[in-house]
Amino acid sequence: RVWSRKEMLLVARLCVEHEVVLLSDEVWGDLVLGPQGLRAADAPPTGSAAGLVPGSVPDFVPAGSLLGDLPELKKLLVVLTSPSKAFNVAALDVAVACIPDQELRRRFREAGADKAEVTAFGYAAALAVYDDPSGRVEAWRRRLVAYLAANRDAAEQALLAADPNIRLTRPEASYLTWLDVSETKLCPRPFSKLLKAGVAVTDGAAFGDETAVRLNFGTRRKILDGGLGRIATELRRLEPPI
């Protein structure tokens, strides 16, 4: 989910009231799958952006934007982000910590003193993303968001058509969706069955649920359609029509 400003303020006020540090991981903030930052001209190359209904998904609310309403939060706020997810540069090991309070920043630096330094390539990637006066990077990001939203909708439609007993999350951000296949013939061991069928998903067992798998739809539509087709074929094989 993408939290609304009201929800964010509620949590922030609780942190201030109880003197708890608020660590906001905003790495998915550039991939909100809603109308924010999208234009009609940003339609994805294939498929439909029908899922982008104005007002259906809240705008991303950075935690730092709450300081105007709640200045006491300053001494308790840590914001973490990175271009790694939205711009596919995870291999460059670059991330950013924004900590407005000097004392909290000092403590953060001491705790992470043994961590690896950002490489020169990581700095170059961050600058390319965050300091682009031409606007081309932001235009590309908007097209990406529209493409991912269409991929999400296509995956949902295909999976439910293959087996209406599949329960799945509808992410408001990111390119990951969880599938609960406990009421399908994929169980038990859905991860193993799908891997043998040629679909590499993430095993839910590592997250405490062996009846779930995680699907990454952040790819070209042709590849996604191929994977969804293999899932449907495997379901038909496991439960042939009467």
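Residues numbered from 1 in each chain as written. Predicted model: local features only at pLDDT ≥ 70, side-chain atom pairs only at ≥ 80, totals over all residues. Heavy atoms only, no water.

Visitor: Tell me about the nonpolar core, residues and numbers included.
Guide: In terms of nonpolar packing, the biggest core is built from 28 residues, with L31, L148, L159, L179, L194 and L215 touching the most fellow members. For this core, the leading source of residues is helix α4 (residues 136-162), giving six residues. By size, the runner-up hydrophobic cluster in this structure holds 12 residues, among which are L9, A12, L70 and V79. (Core = buried A, V, L, I, M, F, W, Y, C linked by side-chain atoms within 4.5 Å. Buried < 20%, exposed > 50% of the residue type's maximum accessible area, 1.4 Å probe, protein only. Helix = DSSP H or I, 4+ residues; strand = E, 2+ residues; numbered from the N terminus.)

Visitor: Could you give me a rundown of the sheet that holds strand β5 (residues 176-180), with the residues and numbers involved?
Guide: As summarised here, the arrangement of the four strands in space is β4-β5-β7-β6, forming an open sheet in which the pairing is antiparallel. Single-partner strands in this sheet number two, and they are β4 (167-168) and β6 (202-203). Here five bridges tie β5 to strand β7 (residues 212-216), and the two strands are oriented antiparallel to one another. Along β7, the bridge assignment pairs L176 with N216. (Pairing = 2+ DSSP bridges.)

Visitor: Lay out the sheet that holds strand β3 (residues 96-98) in plain terms, naming residues and giving numbers.
Guide: Strand order in this open sheet of three strands is β1-β2-β3, and the pairing throughout is mixed. Across the chains shown, the open sheet's two edge strands, defined by having one partner strand only, are β1 (22-25) and β3. Neighbour-to-neighbour, the strand axes of the sheet open up by a mean angle of 20 degrees, direction not taken into account. Pairing geometry for β1 and strand β2 (residues 77-81), over four bridges, is parallel. (Axes fitted to C-alpha atoms, helices over the stretch in contact; angles between N-to-C directions.)

Visitor: Give me the lowdown on unusual backbone geometry, citing residues and values where you can.
Guide: Each neighbour pair has its own omega, and for C187 with P188 the value is 0 degrees, a cis peptide bond. Note on placement: P188 falls in the loop between β5 and α5 (190-196). With phi around 55 degrees, N88 is a residue other than glycine that occupies positive phi space. Along the chain, N88 falls in the loop between β2 and β3. If you check the backbone angles, D93 has positive phi at about 50 degrees while not being a glycine. With respect to the helices and strands, D93 occurs in the loop between β2 and β3. For D93, a relative accessible area of 56% gives the class exposed.

Visitor: Let's hear about the pairing of β7: which residues, and what values?
Guide: Looking at chain direction, β6 and β7 are connected through two bridges and run antiparallel. Within β7, the residue paired with T202 across the bridge is R214.

Visitor: Could you give an account of the packing of aromatic side chains, naming the residues involved and the relevant values?
Guide: Here the structure, examined in full by the defined rule, presents three aromatic pairs. Both rings, one in W28 and one in Y175, keep their centres 5.0 Å apart while their planes meet at 80 degrees; by these two values the pair is edge-to-face. With W28 in the loop between β1 and β2 and Y175 in the loop between β4 and β5, this residue pair connects regions lying 147 residues apart in the sequence. Assessed through its relative accessible area of 24%, W28 is described here as partly exposed. Judged by relative accessible area, which is 17%, Y175 ranks as buried. Summarising the aromatic geometry, the rings of W178 and F207 are spaced 5.1 Å apart at their centres and angled 80 degrees between planes, so their arrangement reads as edge-to-face. With a gap of 29 residues between them, W178 in strand β5 and F207 in the loop between β6 and β7 connect regions that are remote in the sequence. Its relative accessible area of 26% is what places W178 among the partly exposed residues. (Phe/Tyr/Trp six-rings, centres within 6.5 Å; stacked < 30°, edge-to-face > 60°.)

Visitor: Talk me through helix α6 (residues 221-238); I want residue IDs and the actual numbers.
Guide: An α-helical turn contains 3.6 residues, so any two residues separated by three or four positions project in the same direction. Its 18 residues place the ends of α6 26 Å apart at the C-alpha level, agreeing with the 26 Å of an ideal helix rising 1.5 Å per residue. For α6, the set of buried residues is R221, L224, G227, L228, I231, A232, E234 and L235. In a view along the axis of α6, the buried residues occupy a sector of 160 degrees, so they form one face of it. Opposite the buried face of α6, by more than 90 degrees, sit the exposed residues K222, R236 and R237. (Expected span 1.5 Å × (residues − 1). Arc of directions from axis to C-beta.)

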